[in-house]
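Here's the letter readout for the chains.
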Amino acid sequence: MTNHYIDLKNSDCILIMGSNAAEHHPIAFKWILRAKEQNGATLIHVDPRYTRTSARCDFHVPLRSGTDIAFLGGMINYIIANNKWFKDYVLNYTNASFIVGQDYFFKDGLFSGYDAKTRKYDKATWVLEKEGNGIPKRDMSLQNPRCVFQMLKEHYSRYTLEKVSSITGVSKEDLVKVYAAYSATGVPDKAGTECYALGWTHHTTGSQIIRTMSIIQLLLGNMGIAGGGVNALRGEPNVQGSTDHAILYNILPGYLKMPTGSLDTLEKYLHKCTPESKDPQSANYYQNYPKFFVSFLMSMFHDKATKENEFGYSWLPKMDDGAAYSLMHLFDKMYEGKIKGLFAVGTDPAVSSPNAGKVRKALEKLDWMVGENIFNNETYAFWKGPGVDPQKVKTEVFLLPASASMEKEGSQSNSGRWVQWKYKAAEAPGDAIPVGELTIKIMAEIKALYAKEGGVCPEPILNLKWDYTDYKGRFDSLKVAKQINGYFLEDTVIEDKDKKTKTEFKKGQLVPTFGNLQLDGSTSSGNWVMAGSFTAEGENKMAKRGKEDSTGLGLYPNWSYAWPVNRRIIYNRASCDVNGNPYNPKRKLLAWVGDKWVGDVPDGPWPPQANKEKGKYPFIMKQDGLGALFGPGMVEGPFPEHYEPLEGPLAQNPMSSQRINPAIKIFNSELDKVANADEKFPYVCTTYSCTEHWCSGAYTRWQMWLLEMQPELYVEIGEVLAKERGIKNAEKVKVSSVRGEVECVAMVTKRFRPFTVEGKTVHQVGLPFNYGWLFPEGGSDSTNLLTPTVGDANTFCPEYKAFMVNVSKL
C-alpha cells in the first residue's frame, strides 16, 4: 500500500475494484466514506457482484471476472486519446521519454523473447537504449515512435470501447462514465486513489492487473500524493506483517531476494541483486542492498558470521535455479510423494487451497504433519474426512495448541505499513502457548540434537543465533522485535557529510535507521525496513500513540511506526514539482523550504529534481529513479495484456490468439483437470468470504450465533439463471466443476446479473470459501474442491476468482 487508510479521506475519486471494502475492510471503508462526506469524492465500485460496497458508492459497474486488465487497458487508451494525462508529472517523473530497444516487439498476444516449450520469456530485448555514458536515452518531446509513451499509446490503442465492452460485459456507456470520472483527477489540484484486495490478486494475471493500475496512476500524477496511490486492503490475519517478514518462498525479510543455487558465493549474489545506475540524479537506493543483506546475515549468525566466511552466506538455504516453491508447487510435490513432513501453522489448506481434493490426497502421502493452531480443522483431521479410510492413512498428525492473538503481545502491521505494538490481554487456556514459543522450543531441541549427534551440514543449525527467551525461559517477543530492528555490533561513528556532523553509537545500541546499516558486519538487522522501529536508546516506536497531526492530512507521525523510516506516503517527493513546490498547496504533503523538506518524512534528503548538481528523481527505489510505464520486471511482459482465465466461457481471447497468460505454470497431475468453454460447465464462478467468518472459517464456524445465522455453504445465483434452471431460493443444489462438487443452498439474488460477452449471454455465480466438512456437521464442504491448481505467473497466488461450473437442483 503506497498510502494508508486514513489518507483515503483526502481523495477526490475512489475506484474500488477487486474489493468488497464495506464488508471485508470496514475501517478502510470508514475513511472512504469520509472522503465522500468531506470532499464530495466520487465513489466507484467495479465488481461482478452488487454488494454493500456498491450500495454506498455513487455507482456500481458489474464486469465479468477475469477481465480487469481489459477494463483498465481501456482506461489507459481513454486517458491518452482524450489528453487527460498530467503532462508535467509524466514528463519529469516517469520513464515515458525513454527509448525502447529496437529488438523489442509485441505481436498477437506475445512479446519478444518467448519460448513456448518452457513457457518463459528471455527478457534480453525488454531494454531501454542508453547513451555512451550509460544514462538512458530520452526524447522529452515524446514524439519518437520508440519512446515509452508512444509504445504505451500504441499498445493500448487496441483497447477500444467496443472491444473492452465485448470482453468485460460492461456497456460502453458505463465504461465512459468510469473513465471520465476517474481521469478527471489527472490535474494538480485533484487526487484519485484505487483500493483493491483479493479480487485482483486471485487471478492468473493478478500482479499485472495491479501494474495496469499503477500505469494509470502515473499517467494521472496520482502516485506519491495525499489521496492518491495504489492501495492494497490487507485483511485480518496480519497479512502485511507476514509479507514484510518473508512468509513467501522467494523472499527474505524486508523483500530481499532468496538466493539460488548458481549464486554460490556472497559476491555473486550481491552482484546479481544490486542495481547500478550511471545517472547522477537517480538515488538508486537499492545500491545499498549489500548493507541490508550483510546486516541480515549478522542478525542470523551474529558472532559466528565473519568476513572470512562470507558472513555465513553459505549457511543460507538456496533455491534451485528457475524453481518455485509456492503452495501449489508444495502440494504438487507432496502428491508425488516427494515430501515427508509438513508444519501447518495457523492454516487450513485442506479448505483454503485450490483444488482441495488434490491437497487432501497429498496429505495422505506424508509421513508426519505438525499442526499449530487454536482449534482443530479439516487439515489436521484430513485422515478421517469424507471418503477417507483412517486405516489406510500412514500420516502421523500432531496438533499443538497455540495461543490466540489476544493471548500474546507483539506487533501487527496494517495495510498502510503502520506497525502497531499490542499487549497481551489474557492468558491462554490449558497448555496453549504462542507459536513463537513453540518454535523456540522445537528449534532448541534440534540444536541440542545436532550438538550431540552432528549431522550433514550442521553449521546453519549450530551457528544460528537463538537466545530469544526471557528470564523464565519463555518466548520474548520484545527481544525478537529488537533483533529485527538491528544493533550496532561495534562502536561506530556515523558521518553526515552534507550536515557535516558525526554521531557516535556504542556496541549494543539499537540501529535508529536503516541508513546506518553497514557492509562490514558491524551492524545487524533482521529486517532492514524495520530498522528504526526502535530508537538507539530502546524506545519502542511501534507502541507510540500520539495524536498530533500538523499537516491536517491524517499522517499522525507519532502514532505507531510506519516503514520505511516512519514515512506515511511512499514516493512523496512526487507530490511537488521539480522545484519542490506542492502541486496541490491545499493538500500539502511535502514542500522544499530553504534547504530542507517539510511535511511527511521525505523519500530522501536530497534537493528537488531541478537542482542538477544534488537533486534526485522521486522514485528512489527504482534503478532509474522514475516511475515505470514500461516495466520489464514482470515475467509475462513489460506492458500488461489481457488474457482469459485458465477456465472461462470463451474458446478464444478476443484480443489475440494467445488465450491464457503465456507464462503461467500448468500443473499436469491426473487431478489437475481443466474445462474451458465446456458446455458441461457453462457458468463463470467466483469465490469470496463472508463478513462474519474468518478466512476458512476454522476459527468462527464453532460460534453458536453463527451456526444459527449461517449454518451451511450457499451459492449466490442470479434471478435469470435461477429461473432457467428451475431453482428457487433456499433449495438445495449441487455446484460442480471438472475437479469436484459441493452441495449447498441456493441464494437467488439480484446481485448477480447476466453479461453479454462476445455476443452471447454469460451467467456468473459465487460461493464463499468459509465452510468445511468438520464443523458444523452437515454444513457441506469446501468451495475449493471446485477451483483449479493455477496461479498468477509472478506470485503463484491462486486463481480463485474465475473458473467454470455447473449448477443443478438436487
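Note that the structure is a prediction, hence the values are computed from the model and not measured. (Residues numbered from 1 in each chain as written. Predicted model: local features only at pLDDT ≥ 70, side-chain atom pairs only at ≥ 80, totals over all residues. Heavy atoms only, no water.)

**Observations regarding the sheet that holds strand S19 (residues 561-562)**
Line of reasoning, step 1. Taken in spatial order, the 3 strands make up an open sheet running S15-S16-S19, and their pairing is antiparallel. The open sheet has two edge strands with one neighbour each: strand S15 (410-413) and S19.
Line of reasoning, step 2. Note that strand S16 (residues 418-422) and S19 share 2 bridges and pair antiparallel. Its bridge partner being in S19, Trp418 is matched across the sheet by Ala562. (Pairing = 2+ DSSP bridges. Helix = DSSP H or I, 4+ residues; strand = E, 2+ residues; numbered from the N terminus.)

**Observations concerning the domain arrangement of the protein chain**
Line of reasoning, step 1. The domain boundaries assigned to the protein chain delineate domain 1 (1-235 + 564-634) and domain 2 (683-809).
Line of reasoning, step 2. Contacts between the two partners involve 26 residues from domain 1 and, on the opposite side, 27 residues from domain 2.
Line of reasoning, step 3. If you look at where domain 1 meets domain 2, you find 1 salt bridge.
Line of reasoning, step 4. Notably, a salt bridge pairs Glu716 with Arg49, separated by 2.7 Å at the nearest N-O pair. (Domains from an automatic or database assignment. Contact = heavy atoms within 4.5 Å. Salt bridge = Lys/Arg side-chain N within 4 Å of Asp/Glu carboxyl O.)

**Quick word on the pattern of salt bridges**
Line of reasoning, step 1. Applying the stated criterion across every chain, the model contains 28 salt bridges.
Line of reasoning, step 2. The salt bridge involving Lys137 is made with Glu129; its shortest N-O contact spans 3.7 Å.
Line of reasoning, step 3. Of the residues examined, Lys137 reaches a relative accessible area of 29% and is grouped as partly exposed.
Line of reasoning, step 4. A salt bridge links Glu336 to Lys333; the shortest N-O distance between them is 3.7 Å.
Line of reasoning, step 5. Connected via shared salt-bridge partners are Arg49, Glu716 and Arg751. (Buried < 20%, exposed > 50% of the residue type's maximum accessible area, 1.4 Å probe, protein only.)

**A closer look at helix H13 (residues 289-301)**
Line of reasoning, step 1. Between its terminal C-alpha atoms H13 stretches 19 Å, which fits the 18 Å expected from 13 residues at 1.5 Å a residue.
Line of reasoning, step 2. Among the 13 residues that make up H13, 11 are buried, leaving the element largely enclosed by the rest of the structure.
Line of reasoning, step 3. Regarding H13, the residues found buried are Tyr289, Pro290, Phe292, Phe293, Val294, Ser295, Phe296, Leu297, Met298, Ser299 and Phe301.
Line of reasoning, step 4. Buried residues belonging to H13 abut strand S10 (251-252), strand S11 (256-257), helix H12 (266-273), helix H18 (459-462) and helix H19 (477-485). (Expected span 1.5 Å × (residues − 1).)

**Quick word on the packing of helix H4 (residues 68-81) against helix H10 (residues 206-220)**
Line of reasoning, step 1. At a minimum axis distance of 9 Å, the contact between H4 and H10 shows a crossing angle of 15°. It follows that H4 is roughly parallel to H10 by the angle criterion. In terms of crossing hand, the pair formed by H4 and H10 is left-handed. Here Asp68, Ile69, Leu72, Gly73, Met75, Ile76, Ile79 and Ile80 of H4 come into contact with H10, specifically with Gln208, Ile209, Thr212, Met213, Ile215, Ile216, Leu219 and Leu220.
Line of reasoning, step 2. In terms of residue class, the contact of H4 with H10 is built from 12 nonpolar, 3 polar and 1 charged. (Axes fitted to C-alpha atoms, helices over the stretch in contact; angles between N-to-C directions. Parallel < 35°, antiparallel > 145°, perpendicular 65-115°, else oblique. Left-handed = near helix turned anticlockwise from the far one by under 90°. Nonpolar A, V, L, I, M, F, W, Y, C, P; charged D, E, K, R; others polar.)

**Observations concerning H4**
Along an α-helix, residues three or four apart share an orientation, since each turn contains 3.6 residues.
Line of reasoning, step 1. The end-to-end C-alpha distance of H4 is 20 Å, a good match for the 20 Å that 14 residues give at a rise of 1.5 Å each.
Line of reasoning, step 2. Burial of H4 is extensive: 13 of the 14 residues sit out of reach of the surface.
Line of reasoning, step 3. At the exit of H4 stands Asn83, carrying a positive phi of roughly 55°.

**Some details on the packing of H4 against helix H8 (residues 172-183)**
Line of reasoning, step 1. Where H4 contacts H8, the axes come no closer than 10 Å and their chain directions differ by 60°. For the element pair H4 / H8, the angle class is oblique. Judged by the twist between their axes, the crossing of H4 over H8 is right-handed. Contact residues: H4 offers Ala70, Phe71, Gly74, Met75, Tyr78 and Ile79, while H8 offers Leu175, Val178, Tyr179, Ala180, Tyr182 and Ser183.
Line of reasoning, step 2. Across the contact of H4 with H8, the residue classes tally to 10 nonpolar, 2 polar and no charged.

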